[in-house]
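Letter by letter, the chains look like this.
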Amino acid sequence: MELVSVDIGGTHARFAIATISDDGTITLGEPETIHTEDHASFQTAWEDFRERMGGSLPPRVSMAIAGPVGGEVIRFTNNPWIIRPALIGEKLGCDTYSVVNDFEAVAHAVARVSEDEFIHLTGPDEPLAPTGRLSVLGPGTGLGVAHLYREADGTYRVSATEGGHIDFAPLDSIEDAILARLRKRHTRVSIERVVSGPAITDIYQTLAAMEGKAVAEEDDIDIWKRGLEGTDSLAAAAVDRFCLSLGSVAGDIALAQGGFGGVVIAGGLGFRIRHTLLKSGFAERFRSKGRFQSLMASIPVKLITHPQPGLFGAAAAFASEHGILDK
C-alpha cells in the first residue's frame, strides 16, 4: 500500500511517498521539503508536491501537524495555515486519511525504529525499556511533546500533548534575566519560548545585555550557525545555555509523564545539536531534580537519529489506525 506521508511544522512541510507492506514494514521514498511561507495554504503546497511527483499521488494521506488536531478546523501553532479535515477528501483527492499531532507521529517512530537509530545522551547506556512509559520531546520552530506506552505483548499506545506550553521555571540568575526579557512581550512565558529554535535569539540578546554589549537583532539561524561553529563566543554561550534549559525541561517532562522507561529527544534541531548536547550541561540539568536525582540518573536518555521521524511516524500512525501495523 502506498500513501502520501506529510510532516507539517512551523517552517517546513515535508512530503514523501510511503509504502506499507502487509506485515507493517514501512519504507519512505525520497522526501521533498517545502517552505510553509512560500505557500498560502496546505492545498497549494500539496499541489506543488503533486507536480514534483509527475502529476498524480496515491489516494491516501497521513498528516503529522504541529498543533492540536481535534475539531472541525485545525490551526497550526507556528504557521498560518488551516486544515478542515471534512474537506481533505474533496480538496486533495484522497479516499482515506489520518491526521495526527506531529510529536504523536514522532512517538510512533520511536516505537518502531531499530535500536541502532538512537544515540545515547545520559543515564544508563542501555536500550529504552521494552514496556512502560517513555517521554518524547524535541525542539524545532516550537517544542513538541508526546507520551509513549509500551505493553508487554509488544503493542503500544501514543498520546499527543501540548507539553511545550507549560510554564517556564528559571533556575538561576541568567534564566531569571531571560524570563524578564520575555515577559516584556508575553504575559505568560512557556517553555517553548526558551527551548525552541527561535528562542536562541532571546537567549543571545539577554547574554549580550548582561555583558553590556549592543548587538543587532538578527535571524536565529545565524546565531545557531556561529554558536555551533564556535566562531562567536557569545553565540556559543547562548547555545550552551539552550542545552541547559533543554536538560531541565526534559527532566520535568519525564517527571510529569512518568517517563521512567526512557526519554527520547527528537526534532530537526535536536538532531543538529546532538554532538553539542553530549558536551554540554544537558545531562547534569536533566538529573538535577533535588530528592529525585537518583531516579533521574536511572533513566536512559536517547536521541533519535532517523532522518525523517515525522514522516516515518505519520505512516506508522496511518498503519496503526487502519489495522495494518505489526507489533
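Trainee: Looking at this structure, I do not really get the environment of threonine 161. What am I missing?
Mentor: Looking at where threonine 161 falls in the secondary structure, it is placed in strand β12 (residues 156–161). Residue threonine 161 is classed as partly exposed on the basis of its relative accessible area of 23%. With 58 residues separating them in the primary sequence, threonine 161 and phenylalanine 103 have C-alpha atoms 8.2 Å apart. Discounting chain neighbours no more than four positions away, the residues touching threonine 161 are Val145, Ala146 and Gln257. One polar contact links the side chain of threonine 161 to the main-chain amide nitrogen of glycine 163, over a distance of 3.0 Å.

Trainee: Help me understand the pairing of β12, please; the structure alone is not making it clear to me.
Mentor: Consecutive side chains of a regular strand alternate in pointing toward one face of the sheet and then the other. Bridging between strand β11 (residues 143–150) and β12 involves 6 bridges; their strand directions are antiparallel. Within β12, the position partnered with arginine 150 by the bridge is tyrosine 156. Hairpin connection from β11 to β12: 5 residues lie between these consecutive antiparallel strands, with glycine 154 at a positive phi of about 95°.

Trainee: Explain helix α1 (residues 42–52) here, please?
Mentor: The periodicity of an α-helix, 3.6 residues per turn, causes residues three or four positions apart to be oriented the same way. Within α1, the full set of buried residues consists of Phe42, Ala45, Trp46 and Phe49. With its buried residues spanning 105° around the axis, α1 presents them on a single face. In this fold, the buried residues of α1 make contact with β1 (2–8), β2 (12–20), β4 (32–35), β5 (60–65), β7 (82–83) and α2 (88–92). Just downstream of α1 lies glycine 54, where phi reads positive at about 95°.

About the cut-offs
- All chains use their own residue numbering, which begins from 1 and follows the written sequence.
- pLDDT decides what is reported in this predicted model: residues at 70 or higher carry local features, side-chain atom pairs at 80 or more are listed and counted, and totals for whole chains, interfaces and linings draw on all residues regardless.
- Side-chain measures here rest on the full set of heavy atoms in the structure, leaving out hydrogens and waters.
- Think of it this way: any DSSP run of H or I at least four residues long counts as a helix, any run of E at least two long counts as a strand, and we number them from the N terminus.
- Categorising residues by exposure relies on relative accessible area from a 1.4 Å probe, with only protein chains included: less than 20% of the type maximum marks a residue as buried, more than 50% marks it as exposed, and the intermediate range marks it as partly exposed.
- Residue contacts follow a heavy-atom distance rule, with two residues in contact if any of their heavy atoms lie within 4.5 Å.
- Whenever a nitrogen or oxygen atom comes within 3.5 Å of another N or O atom, the pair is scored as a polar contact, on the condition that within protein one atom can donate a hydrogen and the other can accept it, and that pairs from neighbouring residues in sequence are kept only if both atoms are in side chains.
- The pairing criterion for strands is at least two bridges between them, as found by DSSP.
- Our arc is simply the arc of the directions from the helix axis toward the C-beta atoms.

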